[in-house]
Amino acid sequence: MNAIAESEIDVREAADKSNFAHIPLNKLTISEQNIRRTDRKADLHALTASIKSLGLLQNLSVTRAGNDRYTVVAGGRRLAALKALAKQGVLAKDFPAPCHILDDAAALESSLAENVQRVAADAMDEVEAFATLREQGFDVGAIAQRFGVAHRHVEQRLALASLSPKLKAAYRKGDLALEAARAFCIAPDHARQEAVFKALGKPVTHAANVRAHLTHGRMRASDRLARFVGLDVYEAAGGSLTRDLFLESEIYVDDPALMSRLASEKLEAYREDLLAKGWGWVNVNLGHGRFEGASGQRIQPIRRKPTDDEAAKLAQLEAEIEELENALEGEDGKKLLRGSDFPTNDDEDPRWTDRDRLEADHQALAETLTSWDPQEMALAGVVISVEHDGRLYFAYGLVAKADAAKLAKLRRQREEEIAKRERAVSKPANAEREGHDDITSEGSSPSAMGDEAPWEEPRATLPRALVRDITAIRTTAIRRTLIDAPTTAFAIGVFALLRHATSGHGAPGVSLTARPRWLADHDGLSDERTALFASMPEAESDLLDWCLAQSTDTLMEAFAVIV
């Protein structure tokens, strides 16, 4: 008789003498009477690690299946863990597993009792067990390996172990929920933990409420200034962070004053650059983009039409930005948050960096198509604000109330200079005219009165009364024609609004003006406005002809943007 046959006889003899036996692992299979049909391998890694470190602490319950084989009615996860270790070579395939042998009548009841009547270990019991191992010299890695759990799980349990003894006692009494206990771990100081616990109503169950009390006075890492400065820059400057071990998104800036100072220093560089470019003032607003001293006026840049190459480049950048925007849309159609819920370099989707770069290139190219009047710039300014995602927003061309009158005076002087030049051009023609009746009441001509004489609108070499009558007839005819041509009238109205919006000067004969009050617009509106102005002719004298040549749809779109 060979050794295997002898061992089988030994197993049977042992089974006859007692209900307990060590049965070779390769003789065991799962029983159909085992009531656990789901999650048989749930958290198997942890159980495997525990058996590997500590051995099998609880026997299996089995019934005879014939042919010297046995089926496991209670202990299916333990059997799966043992076979996994055998597959890894840690245990022999015929490892003698301790088993309690049952008859068929008791099999179902045993399986039910083991799986239903057991109570899982309390979280605080596990916490104290891990703390004891730590005191015995086991580090986090060793504890995690022995129990087959993640390092973070061990760190969380050890954090709970460091809670105030009063809070642990409150947990065992039922005055502190586990989630709330986890929230207390964000502040390791026992005195502060106990003060907050004392101030809250019992039982303490709301983790967010606990966290809010303990982090009062700190700045969230998702704050706009933290996103703008960057946590790496803040930490390099000596700032510290508080991280919640139980919620990865909960990161707090311990020194908000330092973060604000770093933001101010970073913004100061932008402010100095804008002042160097000729702006009269630059307001840096860390909280929002409002400017309380604004007059409601806003100067506008002069825009030129892009070249074919520039237009193609702009279109290419816009297409790439749109492609990235679509890629960053989540499955539910919502935009993915940058860096999960906070701006850390590890969690930042690299596509955000590509998008920012493309937007910066697009803005830089668009800015080359515009220029500002230096004299008007000196009487206007820029407000820099930080958006919720940490990006900067620049509101250009704002006019302070104190400068509104100066700007109006500058524009009047320019209009007078233009009128003076036009008057100078018309004088030679008047001097050569003979037999005209353009005589003053004293009998002198305008050329004899000098430049200080009241100036009338330049006229053709016709009598004043005739010119007046012809002008009245022509005006009446234009009005009548426009009534019958609403599309043309609409084009002229859009022309007047566009001219006022781009140059600040109205259109002669049309009393329509566009004076937008400043506020932080949606990014898309700025893009629409830029695209509109880029499509207009470069020369202001060609604007009316351009408007008259456009379709009604194009005019409607332009009208909508201006309004």
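Summarised in this report is the structure supplied together with it. Since the model is a prediction, treat every value here as computed from it, not as a measurement. Note that residues are indexed from 1 along each chain, following the sequence as it is written. Totals for whole chains, interfaces and linings use every residue, but because this is a predicted model, local features are given only for residues with pLDDT of at least 70 and side-chain atom pairs only at 80 or more, for both listing and counting. Each side-chain value is worked out from all heavy atoms of the structure, with water and hydrogens disregarded.

### Notes on the overall build of the protein chain
Working step 1: Here a strand is any run of E in DSSP of at least two residues, a helix any run of H or I of at least four, and the numbering for each starts at the N terminus. Assigned secondary structure in the protein chain consists of 23 helices and 14 strands.
Working step 2: Only protein chains enter the accessibility calculation, which uses a 1.4 Å probe; a residue is then buried when its area is under 20% of its type maximum, exposed when over 50%, and partly exposed in between. Residues classed as buried in the protein chain amount to 36% of the 563 residues present.
Working step 3: Residue contacts are counted whenever heavy atoms from the two residues lie within 4.5 Å of one another. Partitioning the intrachain contacts of the protein chain with sequence separation of at least 6 by distance along the chain shows that 71% fall at a separation of at least 24.
Working step 4: All accessible areas in this document rest on Shrake-Rupley with a 1.4 Å probe, and a residue is counted as covered only by the protein chains that are shown. Carbon and sulfur atoms provide 52% of the accessible area of the protein chain, an area that totals close to 32700 Å².

### Topic: the sheet that holds strand β8 (residues 251-253)
Working step 1: Strands pair, by our definition, only if DSSP identifies at least two bridges between them. Strand order in this open sheet of three strands is β6-β8-β7, and the pairing throughout is antiparallel. Each edge of the open sheet carries a strand with a single partner, namely β6 (219-220) and β7 (241-243).
Working step 2: Bridge analysis of β6 against β8 gives two bridges, and the strand direction is antiparallel. By the bridge assignment, R220 is partnered in β8 with Y252.

### Here we look at the packing of helix α5 (residues 123-135) against helix α8 (residues 165-173)
Working step 1: Taken N-terminus to C-terminus, the directions of α5 and α8 make an angle of 145 degrees; their axes are 10 Å apart at the nearest point. Every residue of α8 that contacts α5 at A123, M124, D125 and E128 is listed here: K168, Y171 and R172.
Working step 2: Three classes are used, and their members are as follows: Ala, Val, Leu, Ile, Met, Phe, Trp, Tyr, Cys and Pro are nonpolar, Asp, Glu, Lys and Arg are charged, and the others, Gly among them, are polar. Its residues assigned to classes, the contact of α5 with α8 shows three nonpolar, no polar and four charged. Between N-to-C directions, angles cover 0 to 180 degrees, with each direction set by a line fitted to C-alpha atoms, over the stretch in contact for helices.

### Quick notes on helix α11 (residues 207-214)
Working step 1: Among the residues making up α11, those that are buried are A207, V210, R211 and L214. Around the axis of α11, the buried residues are gathered within 95 degrees of arc, so they sit on the same side.
Working step 2: In the core, the buried residues of α11 are packed alongside α9 (178-184), α10 (190-199) and β8. When we speak of the arc, we mean the arc of directions from the helix axis to the C-beta atoms.

### Section: the side chain of Q156
Working step 1: Note that Q156 resides in helix α7 (residues 151-161).
Working step 2: Excluding residues that lie within four positions of it along the chain, Q156 makes contacts with L245 and F246.

### Let's talk about helix α2 (residues 44-54)
Working step 1: Turning to α2, its buried residues are L44, A46, L47, T48, A49, S50 and I51.
Working step 2: Trailing α2 by a residue or two, G55 shows a phi angle of about 85 degrees, which is positive.

### Observations concerning the sheet that holds strand β4 (residues 69-74)
Think of a sheet as strands paired side by side through backbone hydrogen bonds, with each pair either parallel or antiparallel.
Working step 1: The sheet built from five strands is open, its strands ordered β1-β5-β3-β4-β2 with mixed pairing. At either end of the open sheet lies a strand with only one pairing partner, and these are β1 (20-24) and β2 (28-30). In this sheet, adjacent strand axes meet at a mean angle of 50 degrees when their direction is disregarded.
Working step 2: Bridge count between β2 and β4: three bridges; the pairing is parallel.

### Concerning the pattern of salt bridges
Working step 1: By convention in these notes, a salt bridge is any Lys or Arg side-chain nitrogen within 4 Å of a carboxyl oxygen on Asp or Glu. Within this structure, the stated rule accounts for 20 salt bridges.
Working step 2: We note a salt bridge from K277 to D273, for which the minimum N-O separation is 3.4 Å.
Working step 3: One salt bridge connects R414 with E376, and the closest N-O pair in it is separated by 3.8 Å. You can see R414 sitting in helix α18 (residues 401-432) and its partner E376 sitting in helix α17 (residues 374-377), a full 38 residues away along the chain. In this pair, the class of R414 matches that of E376, namely buried.

### Comments concerning the nonpolar core
Working step 1: Judged by nonpolar contacts, the single largest core of 31 residues is most densely connected at L231, Y234, V253, M259, L274, W279 and I384.
Working step 2: Put simply, the parts of the chain that give this core at least two residues each are α12 (224-229), α13 (231-236), β8, α14 (256-276), β13 (381-386), β14 (392-400) and α18.
Working step 3: Examining the composition of this core, we find that six residues originate from one element, α14, more than from any other.
Working step 4: Not counting residues up to four positions away in its chain, the partners in contact with Y234 are V229, G239, S240, L241, V253, D254, D255, L258, M259 and L262. The criterion is simple. A nonpolar core is a set of buried Ala, Val, Leu, Ile, Met, Phe, Trp, Tyr and Cys residues joined through side-chain atoms within 4.5 Å.

### With respect to the environment of L407
Working step 1: By the secondary structure assignment, L407 is in helix α18.
Working step 2: On the basis of relative accessible area, L407 is assigned to the buried category, the value being 1%.
Working step 3: As a C-alpha pair, L407 and L379 span 28 residues in sequence and 6.5 Å in three-dimensional space.
Working step 4: Non-local contacts of L407, meaning those with residues more than four positions away in its chain, are made with Q297, I299, E376, L379 and V399.

### Regarding a nonpolar patch on the surface
Working step 1: Together, L462, L466 and I470 make up a nonpolar patch on the protein surface, roughly 240 Å² of accessible area in all.
Working step 2: Along the chain, L462 falls in the loop between α18 and α19 (464-484).
Working step 3: The class for L462 is partly exposed, based on a relative accessible area of 38%. Patch membership is restricted to residues that have no salt bridge and whose relative accessible area is over 30%. Joining uses 9 Å for like charges and 5 Å for the nonpolar side chains Val, Leu, Ile, Met, Phe, Trp and Tyr.

### Considerations on the side chain of D389
Working step 1: With respect to the helices and strands, the residue D389 is situated in the loop between β13 and β14.
Working step 2: The exposure class of D389 is buried, given its relative accessible area of 16%.

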